[in-house]
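Structural description and commentary
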Amino acid sequence: MHAVLSYIMKTRFLITVTTAITLAAFACNSVAQSSKEKMSTSKQEPEQPSGKVNKSDAEWRSILTDEQYRVARKSGTERPNGAVYKQFKAQGAGTYYCVGCNAELFSSKEKFDSGCGWPSFYDPSNAKNVSQHKDVSAGMVRIEVRCNVCDAHLGHVFEGEGFNTPTDKRYCINGVVLKFVPDQEDKADADE
């Protein structure tokens, strides 16, 4: 009886250790993947959607990268200070669109460096395309920001943090869900 219990305990221990190692490897791979993800860019302004955009889960998966899907459709958060953030900080004048539906969301005119590790804006460039919702996940109360056209999760908005901006708001946005189109004079620098 003692040998059977010992065998069961060893087997459970090995299963637990194997599961923990597998989960850790998956998490490291996900972080590595998200830190290499780039913001979509285009030389041409996309056609604006004429109404709400609804797609099946399979359709979203076919047009978004794994990281874009995780953030936009599953309310994920990209890693702070990753490649997307560095790219965002280096971008000049231009407009930011939803990667899922092409709705105009923000512009470089409202962009500022908050030092938080994610793209920051003090106001949307097209307010009708951005919606706000109470978010009680992660053990706190925040205001979630979503694309009002395709319901993609964009990030969160914070107020009263003391930034020297006209609104004292920080739209903390996941860069991977944005598509950047530089202004005319900067279009030669954009990737297709």
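Below, the structure is looked at part by part.

What counts and what doesn't
- Residues numbered from 1 in each chain as written.
- Predicted model: local features only at pLDDT ≥ 70, side-chain atom pairs only at ≥ 80, totals over all residues.
- Heavy atoms only, no water.
- Helix = DSSP H or I, 4+ residues; strand = E, 2+ residues; numbered from the N terminus.
- Contact = heavy atoms within 4.5 Å.
- Areas by Shrake-Rupley, 256 points an atom, 1.4 Å probe, with all protein chains shown as cover.
- Pairing = 2+ DSSP bridges.
- Salt bridge = Lys/Arg side-chain N within 4 Å of Asp/Glu carboxyl O.
- Buried < 20%, exposed > 50% of the residue type's maximum accessible area, 1.4 Å probe, protein only.
- Polar contact = N/O pair within 3.5 Å; in protein donor to acceptor, adjacent residues only side chain to side chain.

**Quick notes on the overall build of the protein**
From N to C terminus, the protein includes four helices and nine strands. Along the protein, helices (α) and strands (β) appear in the sequence α-β-α-α-α-β-β-β-β-β-β-β-β when read from the amino end. Taking all contacts inside the protein whose residues are at least 6 apart in sequence as the whole, residues at least 24 apart take part in 60%. Accessible surface computed for the protein: about 11,100 Å², of which carbon and sulfur atoms make up 54%.

**Observations regarding the sheet that holds strand S7 (residues 153–159)**
Overall, antiparallel pairing links the five strands, which are arranged S4-S8-S7-S6-S5 in an open sheet. Every other strand in the sheet has two partners, leaving strand S4 (120–121) and strand S5 (130–135) as the edge strands with one partner each. With six bridges joining them, S5 and strand S6 (residues 142–147) adopt antiparallel strand pairing. Across the sheet, Lys134 pairs through a bridge with Ile143, a residue of S6.

**A word on the pattern of salt bridges**
Enumeration according to the criterion identifies seven salt bridges in this entry. The partner of Glu161 in a salt bridge is Arg170, and the shortest N-O contact between them spans 2.7 Å.

**So, the side chain of Ser120**
Locating Ser120 in the fold gives a position in strand S4. Judged by relative accessible area, Ser120 falls into the buried class, the value being 0%. A distance of 2.7 Å separates polar atoms of two side chains, one belonging to Ser120 and the other to Ser114. In this structure, Ser120 is in contact with Phe88, Glu110, Lys111, Phe112, Ser114, Arg170 and Tyr171, ignoring residues within four places of it in sequence.

**Digging into the sheet that holds strand S1 (residues 40–41)**
In a beta sheet, neighbouring strands pair by backbone hydrogen bonds and run either parallel or antiparallel. The strand order across the open sheet formed by four strands is S1-S9-S2-S3, and the pairing between neighbours is mixed. The open sheet has two free edges, formed respectively by S1 and strand S3 (104–107), since each of these has just one partner strand. Inspection of the sheet shows strand S2 (residues 94–98) paired to strand S9 (residues 178–182) by five bridges, in the antiparallel sense. Bridge assignment links Cys98 to a residue of S9, and that residue is Leu178.

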